[in-house]
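Spelled out from the first residue to the last, the chains are:
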Amino acid sequence: MIKLSKRRYVFFFLLFFIVLYLESTNIVGSLTIGQLWKGVLVAILMIYAFKRFHFKRKLYHKMSYYYAFKVLINSNIFYKPLTNIVYFIKYAMISLLIEYFKNKSTKLICSILFLLAQFIILSSIPYNLGFLESAKSTDDLSDFGFSNINLNSGIFQGIHAAALTYSFSFLVIFYFIFINKKYLTKHFYHSKIYNILLLAISVYSLYSTFARTGYVMFLVGWIIMIFTNKNLSLRTIFIFLSSLVIIPFTLVFLVQSNDALRARLFDERVSGNQEVGSGRLDIWKSSIENWREGDTFELLFGIGDDILREKNLKKIGMAIYSHNQYVDSLAQNGIIGLLLYVTMFISILIVILKRKHSEFYRLTLPIVISYIMMDIFQGGIWPITLFIFVLSLILIER
């Protein structure tokens, strides 16, 4: 792995923290620092990919390109084309990141993953201690009667971005500390005690987001990571079974002692309505109905993001996307979009299952399955989560 002195470690962490902390700060007009650095990154990756373009790629890599170009073509292109261009850039990141990192060394990729996971967890500490306050967002508990509680999203702009990233960070550190120690050195930031502390902080940070999708990703990913070991030791089995007892009891204790958490988990709203998954079933139904009401072009190519949000506003009173990537792929990008997206993930799973003997199998499979869980219950593109997903995918090919 990359060897950093303490000074460089602190320097790169502070740089990471400052960039994300100032992400929503406007530079000129409505242009933010986040949009600027992401735009520069995309431009660099596009130039790199263009210079090294060739047609021999894995099926999932081709599908990621096809899907990115597909999101440009739907009814929204005639209404608000800029939205389609933004979505193209977001989904092109999958292909561009694969293109850039696929020839990088395994040690470098492992180092980037490990340090990024550490920096993410370290960034939550000032917020957990109350030194900094999370960004205000629409993610609050006012609908549940707890308007005075500001959910802890840390350095991120929303609780879901935070929860998804914390869960992935936990999986990465757990893998390198307990499963594949081959890439660790004697550097201070590879210390087992230090990283166990970070794991504990990540669990607390994840808990304080109150984001159920993050909880699901964490539990599903961790269980898969444990049980994909063909040679389970008695110690590992004991630790896992103990965890299966401790976690439910801890959850019951937290639910009983924290009214806000209970209301959030079980959708106990002040209105008296208990909507499953924050009304996700109604949102999915509305999005599918809006797609079915379209013409032949829209059935094949979709109605796009802005039009879907406007139709959902009229139908269910919320200008919202589907909170399910597969429903969104269908509604926004039609049958063609859904087929491309599903084919991409099926081909990814085939690649992983063919490499059960890879040293990174127990890292990539949990992350990919957790990503699929995210797609089912939340959807959307979350940059850092996507970055970890892509790097783990590249590693399984080694």
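Summary of the structure given here. (Residues numbered from 1 in each chain as written. Predicted model: local features only at pLDDT ≥ 70, side-chain atom pairs only at ≥ 80, totals over all residues. Heavy atoms only, no water.)

Observations regarding the nonpolar core
Logical step 1: Judged by nonpolar contacts, the single largest core of 103 residues is most densely connected at Phe156, Phe345, Ile348, Leu363, Tyr371, Ile388 and Phe389.
Logical step 2: At 15 residues, helix α7 (residues 159-179) tops the list of elements feeding residues into this core.
Logical step 3: In terms of nonpolar packing, the next biggest core, distinct from the first, is built from 6 residues, Trp291, Ile303, Leu308 and Ala331 among them. (Core = buried A, V, L, I, M, F, W, Y, C linked by side-chain atoms within 4.5 Å. Buried < 20%, exposed > 50% of the residue type's maximum accessible area, 1.4 Å probe, protein only. Helix = DSSP H or I, 4+ residues; strand = E, 2+ residues; numbered from the N terminus.)

Some words on the environment of Val19
Logical step 1: Inspection of the secondary structure assignment puts Val19 in helix α1 (residues 6-21).
Logical step 2: We classify Val19 as partly exposed; its relative accessible area is 30%.
Logical step 3: In this structure the C-alpha to C-alpha distance between Val19 and Ile33, which are 14 residues apart in sequence, comes to 7.8 Å.

Re empty space enclosed by the protein
A water-sized probe, rolled over the atoms, reveals where empty space remains.
Logical step 1: Here the structure, examined in full by the defined rule, presents 2 cavities of 30 Å³ or more.
Logical step 2: Considered as a void within the structure, the largest cavity measures approximately 50 Å³ in volume.
Logical step 3: Along the walls of the largest cavity sit Val71, Asn74, Thr83, Asn84, Tyr87, Tyr91, Gly304, Asp305, Gln332 and Asn333, which together make up its complete lining.
Logical step 4: If you tally residues by element for the lining of the largest cavity, the top one is helix α4 (residues 81-101), at 4 residues.
Logical step 5: Looking at the lining of the largest cavity residue by residue, the class counts come to 3 nonpolar, 6 polar and 1 charged.
Logical step 6: Size it by volume and the second largest cavity reaches roughly 30 Å³.
Logical step 7: Around the second largest cavity, the lining residues are Ile94, Met344, Phe345, Ile348, Phe389 and Leu393.
Logical step 8: Elements represented by at least two residues in the lining of the second largest cavity include exactly α15 (325-353) and α17 (383-396).
Logical step 9: Examining the composition of the lining of the second largest cavity, we find that 3 residues originate from one element, α15, more than from any other. (1 Å grid on protein atoms, 1.4 Å probe; cavity = no way out; pocket = protein on both sides within 12 Å on 5 of 7 lines; lining within 4 Å. Points joined across faces, edges and corners; volume = space filled by probe spheres on them. Nonpolar A, V, L, I, M, F, W, Y, C, P; charged D, E, K, R; others polar.)

Side note on the packing of helix α8 (residues 192-207) against helix α9 (residues 212-227)
Logical step 1: In contact at an axis separation of 9 Å, α8 and α9 are set at 145 degrees when each is read in the N-to-C sense. Side by side, α8 and α9 meet where Val203, Leu206 and Tyr207 of the first sit next to Gly214, Tyr215 and Phe218 of the second.
Logical step 2: Of the residues that constitute the contact of α8 with α9, the class distribution is 5 nonpolar, 1 polar and no charged. (Axes fitted to C-alpha atoms, helices over the stretch in contact; angles between N-to-C directions. Contact = heavy atoms within 4.5 Å.)

Describing a nonpolar patch on the surface
Logical step 1: A surface patch of nonpolar side chains, amounting to about 510 Å² of accessible area, comprises Ile27, Val28, Leu31, Leu36, Val40 and Ile44.
Logical step 2: Only β1 (26-28) and α2 (33-51) provide two or more residues apiece to the nonpolar patch.
Logical step 3: Position of Leu36 relative to the elements: it lies in helix α2.
Logical step 4: Its relative accessible area of 42% is what places Leu36 among the partly exposed residues. (Patch = residues over 30% accessible without salt bridge, like charges linked within 9 Å, V, L, I, M, F, W, Y side chains within 5 Å. Areas by Shrake-Rupley, 256 points an atom, 1.4 Å probe, with all protein chains shown as cover. Salt bridge = Lys/Arg side-chain N within 4 Å of Asp/Glu carboxyl O.)

As for the pattern of salt bridges
Logical step 1: Here the structure, examined in full by the defined rule, presents 8 salt bridges.
Logical step 2: With a shortest N-O distance of 3.1 Å, Lys38 and Glu23 are connected by a salt bridge. In this pair, Lys38 sits in helix α2 while Glu23 sits in the loop between α1 and β1, placing the two residues 15 residues apart along the sequence.
Logical step 3: For Lys38, a relative accessible area of 30% puts it in the partly exposed group.
Logical step 4: Since its relative accessible area comes to 14%, Glu23 is described here as buried.
Logical step 5: A salt bridge links Arg57 to Glu99, with the nearest nitrogen and oxygen atoms 3.0 Å apart. With Arg57 in the loop between α2 and α3 (59-70) and Glu99 in helix α4, this pair connects stretches of sequence that are 42 residues apart. For the pair formed by Arg57 and Glu99, the shared burial category is buried.
Logical step 6: In this structure, a network of salt bridges that share partners links the residues Arg57, Glu99 and Lys102.

Digging into the packing of aromatic side chains
Each aromatic ring pair is described using two quantities: the centre-to-centre distance and the angle formed by the ring planes.
Logical step 1: The final tally for this structure, using the stated rule, is 35 aromatic pairs.
Logical step 2: Plain terms: the ring middles of Tyr9 and Tyr189 are 5.0 Å apart, the flat faces sit at 10 degrees to each other, and that makes the pair stacked. Of this pair, Tyr9 sits in helix α1 while Tyr189 is found in the loop between α7 and α8, placing the two residues 180 residues apart along the sequence.
Logical step 3: By relative accessible area, which is 4% here, Tyr9 ends up buried.
Logical step 4: Every member of this aromatic cluster is reached through a ring pair, and the members are Tyr9, Phe13, Phe16, Phe17, Tyr21, Phe119, Tyr127, Phe188 and Tyr189.
Logical step 5: Just above the ring of Tyr87 sits the side chain of Lys90; from NZ or CZ to the centre is 5.3 Å.
Logical step 6: The ring of Tyr100 carries Lys104 above its face, with NZ or CZ at 4.6 Å from the centroid. (Phe/Tyr/Trp six-rings, centres within 6.5 Å; stacked < 30°, edge-to-face > 60°. Lys NZ or Arg CZ within 6 Å of the ring centre and 35° of its normal.)

Brief notes about the packing of α15 against α17
Logical step 1: Interaxial distance between α15 and α17 falls to 10 Å at its minimum, and their mutual angle equals 45 degrees. Our classification of the angle between α15 and α17 gives oblique. Between α15 and α17 lies a crossing whose hand is left-handed. Contacts between α15 and α17 involve Phe345, Ile348, Val351 and Ile352 from the first element and Phe389, Leu393 and Ile396 from the second.
Logical step 2: Within the contact of α15 with α17, the residues separate by chemical class into 7 nonpolar, no polar and no charged. (Parallel < 35°, antiparallel > 145°, perpendicular 65-115°, else oblique. Left-handed = near helix turned anticlockwise from the far one by under 90°.)

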